[in-house]
Amino acid sequence: MMALPGGRHLDSITLPGQRLHLMQVDSVQRWMEDLKLMTECECMCILQAKPISLEEDAQGDLILAGGPGPGDPLQLLLKRGWVISTELRRIGQKLAQDRWARVHSMSVRLTCHARSMVSEYSAVSRNSSKEMGQIEKLLMEKCSELLAVTERCLQVENEHVLKSMKACVSETLSMLGQHFGQLLELALTREVQALVRKIDASDNIYTTESTTGNLFSLTQEGAPLCRIIAKEGGVVALFKVCRQDTFRCLYPQALRTLASICCVEEGVHQLEKVDGVLCLADILTDDSHSEATRAEAAAVVAQVTSPHLPVTQHLSSFMESMEEIVTALVKLCQEASSGEVFLLASAALANITFFDTMACEMLLQLNAIRVLLEACSDKQRVDTPYTRDQIVTILANMSVLEQCASDIIQENGVQLIMGMLSEKPRSGTPAEVAACERVQQKAAVTLARLSRDPDVAREAVRLSCMSRLIELCRSPSERNSSDAVLVACLAALRRLAGVCPEGLQDSDFQQLIQPRLVDSFLLCSNMEESFV
C-alpha cells in the first residue's frame, strides 16, 4: 500500500495553493531553459569540417546554446551533464540500429560537449583535485578512442568485421560513460561541499536563505544528488539552521529541503545521527511556530516514515517521540487551514500507522477517527483523492483493532467509506487515476475488516454497499480495470455475504461468492463491459 501517491512520496503529490503554483512556474521555467539546448547542429558540424546530416532525425540534435552565466559552476555541470547523458543514450540507440554515420557524427558532438564541460568548469571552479585531473584525462582519451573507432567503421563494409567492431564501440562507449559519471559526481560533490560549508558557517539570514534555496534546487535533480548532499553533511547543516531561533523564518525552507533529501536512505541515516526526530518533535509540539513550519515538519516525518524505505523500521529515536508526534499531527489535522497542510499531516499519520501498530492505539485514544471523518465534509481541508487516500489508509490500518468499529458507526463512517468506493478522478491524469484506485481498494479493505462486527456489516448492507461492491466487481470501467480493487471488493463482498446473504441475487452468489476467490477473480477480470 502506498501512503503517499507517486514515486517520490512528497514531490509527486498534486497540491493546491502556493506549492502547486510554484511547481508549475518551475516546470515552465525548466522547459524554457531546456529549449536553449535544442538547436540544429550546423555550427558544430561546420567547425568540425563535417557535412551537415540530411537524415530526418538530425533535427533536434543537442548543443548547449546560451550556457549558464559566468561563475555558476553548478548550473554549468547540470546543463552539460544533461546534454552529455542524452547524447550517450542516443549514440547507444543508433549503435543498436547499426547507423554508423549517425554514430560517428554524434560521437564528434559528444567529444565537443565533453571538452567544453572540462574547460568551462576548470575556468569557473577552484583548483581541481589530482583525482579530477586524472579522470578528465581518461574521459578525453576515451572520447578520442570513440572518434577513431567510429570513423574506421565508416570505411568497413564487411558485416562480420563490423560486428566485431560494434562490440569494441559498445565497450568504449560504456567506459566513456563510467568516466563521465565519475567526473560529474566528483565535480558536483565539490560544489555541494561548498554550499554546505557556506550554510554551516553563515550567521547572515540572507546568505543562509540563498544557499539553502540552492541546495533545495539540487535535491530536485534526483536521488543521486540527494545522496551526495546527505553524504557531505547537508542534513547536519540544515538541522543546525532549524535549531537556531535567529533563523526561524527559514525553518519552512530548511525543512522542505530536508524532506527532499530524506527520500534516500542516506538522508534518513544522517537524520538519525543528529537527533533529527527530536528536533521535528519539538517543532511540531511548539504552537509558537507557524502552521507552515509545522506542516513542513510533518512532511519530513512523512518522508522518513515511508514504508518504501526499509531503513525507517530501524528509527529507534522515533519510538521515543512517537506519542507526542502523533498527538501533534492529529491536532494539526484538526486545525489545518488548507488542504495542503491537512494532506501533509495526514500523510505523516498514514505512514506512522504502517511504522508501528502502537500508533493505531494512540490514534484511537486521541479520537482521530472523529477528526478525520469530520474533515471529510470540509472541502477546504479534504478536496482531492490524494487526501482521501491518506484518510482511508489510516482507517484501514486502524480497522484491525476491534474497538475501532464502534467509533466508525458512531461517526457515520460506514457511509463515508461507501462514498470512497465511488471515488472518480476529475482530471484523468495517471497520478490522479492511480490515487482513486488506491482509495477504492483501501475502502474495500477497511469495509472487509470492519465487517467482522455484525453491526458494521448490517449498516453496510443497509447503505447498499453490497450493490456497489458487485458493480465494482462486474464492471471493469468502474474500477479502471484495477485487479487490486477487484480482489479487495471480492473479499469485502464475501465478508458481508457471510453476515447478510439475503442481500444477494442467485447469479451473484454463484459467480462471486460460491467459487474459490481465484475463480471469481478470473471470471470478473475477463468480463466484457456489456456484461451485467
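Conventions used here
- Residues numbered from 1 in each chain as written.
- Predicted model: local features only at pLDDT ≥ 70, side-chain atom pairs only at ≥ 80, totals over all residues.
- Heavy atoms only, no water.
- Helix = DSSP H or I, 4+ residues; strand = E, 2+ residues; numbered from the N terminus.
- Buried < 20%, exposed > 50% of the residue type's maximum accessible area, 1.4 Å probe, protein only.
- Contact = heavy atoms within 4.5 Å.
- Areas by Shrake-Rupley, 256 points an atom, 1.4 Å probe, with all protein chains shown as cover.
- 1 Å grid on protein atoms, 1.4 Å probe; cavity = no way out; pocket = protein on both sides within 12 Å on 5 of 7 lines; lining within 4 Å.
- Points joined across faces, edges and corners; volume = space filled by probe spheres on them.
- Nonpolar A, V, L, I, M, F, W, Y, C, P; charged D, E, K, R; others polar.
- Axes fitted to C-alpha atoms, helices over the stretch in contact; angles between N-to-C directions.
- Left-handed = near helix turned anticlockwise from the far one by under 90°.
- Salt bridge = Lys/Arg side-chain N within 4 Å of Asp/Glu carboxyl O.
- Phe/Tyr/Trp six-rings, centres within 6.5 Å; stacked < 30°, edge-to-face > 60°.
- Polar contact = N/O pair within 3.5 Å; in protein donor to acceptor, adjacent residues only side chain to side chain.

Would you mind going over the overall build of the chain with me for this structure?
When helices and strands are counted, the chain shows 26 helices and 0 strands. Taking all 532 residues of the chain together, the buried fraction comes to 51%. The long-range fraction of contacts in the chain, counting pairs at least 24 apart against all pairs at least 6 apart in sequence, stands at 73%. Element-wise, carbon and sulfur atoms account for 52% of the exposed surface of the chain, whose accessible area totals about 24,100 Å².

How do you make sense of empty space enclosed by the protein when you look at a structure like this?
Remark: the empty space left among the atoms is shown by a probe the size of a water molecule rolled over them. Counting across every chain of the model gives 1 cavity of 30 Å³ or more. As a volume, the largest cavity reaches approximately 30 Å³. Every residue lining the largest cavity is listed: Leu 77, Met 117, Val 118, Tyr 121, Met 132, Glu 136, Leu 183 and Ala 187. At the level of secondary structure, the elements contributing two or more residues to the lining of the largest cavity comprise helix 4 (100–124), helix 5 (130–155) and helix 6 (159–201). Here the lining of the largest cavity gets 3 residues from one element, more than from any other, and that element is helix 4. Along the lines of polarity and charge, the residues of the lining of the largest cavity split into 7 nonpolar, no polar and 1 charged.

Teacher, can you tell me more about the packing of helix 20 (residues 413–420) against helix 21 (residues 430–450) here?
The description of two packed helices rests on the angle between their axes and on the distance between the axes. The interhelical angle for the contact between helix 20 and helix 21, taken along N-to-C directions, is 145 degrees, at an axis separation of 8 Å. In this structure, the crossing between helix 20 and helix 21 has a hand that is left-handed. Taking contact as the criterion, the partners of Val 414, Ile 417 and Met 420 in helix 20 are, on helix 21, Val 439, Gln 440, Ala 443, Thr 446, Leu 447 and Leu 450.

Looking at this model, I keep getting lost on the pattern of salt bridges. Mind explaining?
Two side chains that carry opposite charge are able to pair once their charged atoms sit near each other. What the rule picks out here adds up to 22 salt bridges. Between Asp 245 and Arg 248 there is a salt bridge, and its shortest N-O distance comes to 3.6 Å. Exposure remark for Arg 248: the relative accessible area of 30% places this residue in the partly exposed category. With a shortest N-O distance of 2.9 Å, Asp 389 and Arg 438 are connected by a salt bridge.

Teacher, can you tell me more about the packing of aromatic side chains here?
Geometrically, a pair of aromatic rings is defined through the distance of the ring centres and the angle of the planes. Summed over the entire model, instances satisfying the criterion amount to 1 aromatic pair. On the basis of an interplanar angle of 75 degrees and a centroid distance of 4.9 Å, the ring pair of Phe 318 and Phe 355 is categorised as edge-to-face. Of the two residues, Phe 318 sits in helix 14 (residues 316–335) while Phe 355 sits in helix 15 (residues 339–355), which places them 37 residues apart along the sequence. Considered together, Phe 318 and Phe 355 belong to a single accessibility category, that of buried residues.

Is there a simple way to think about the environment of Thr 293 in this case?
Relative to the helices and strands, Thr 293 resides in helix 13 (residues 291–304). The contact partners of Thr 293, leaving out residues within four places of it in the chain, are Tyr 251, Pro 252, Leu 255 and Ile 283.

Help me understand the environment of Ser 107 in this model?
Considering the arrangement of structural elements, one finds Ser 107 in helix 4. A sequence separation of 40 residues divides Ser 107 from Leu 147, and the C-alpha atoms of the two residues are 6.0 Å apart. In terms of polar contacts, Ser 107 uses its side chain to reach the backbone carbonyl oxygen of Val 103, at 2.6 Å.

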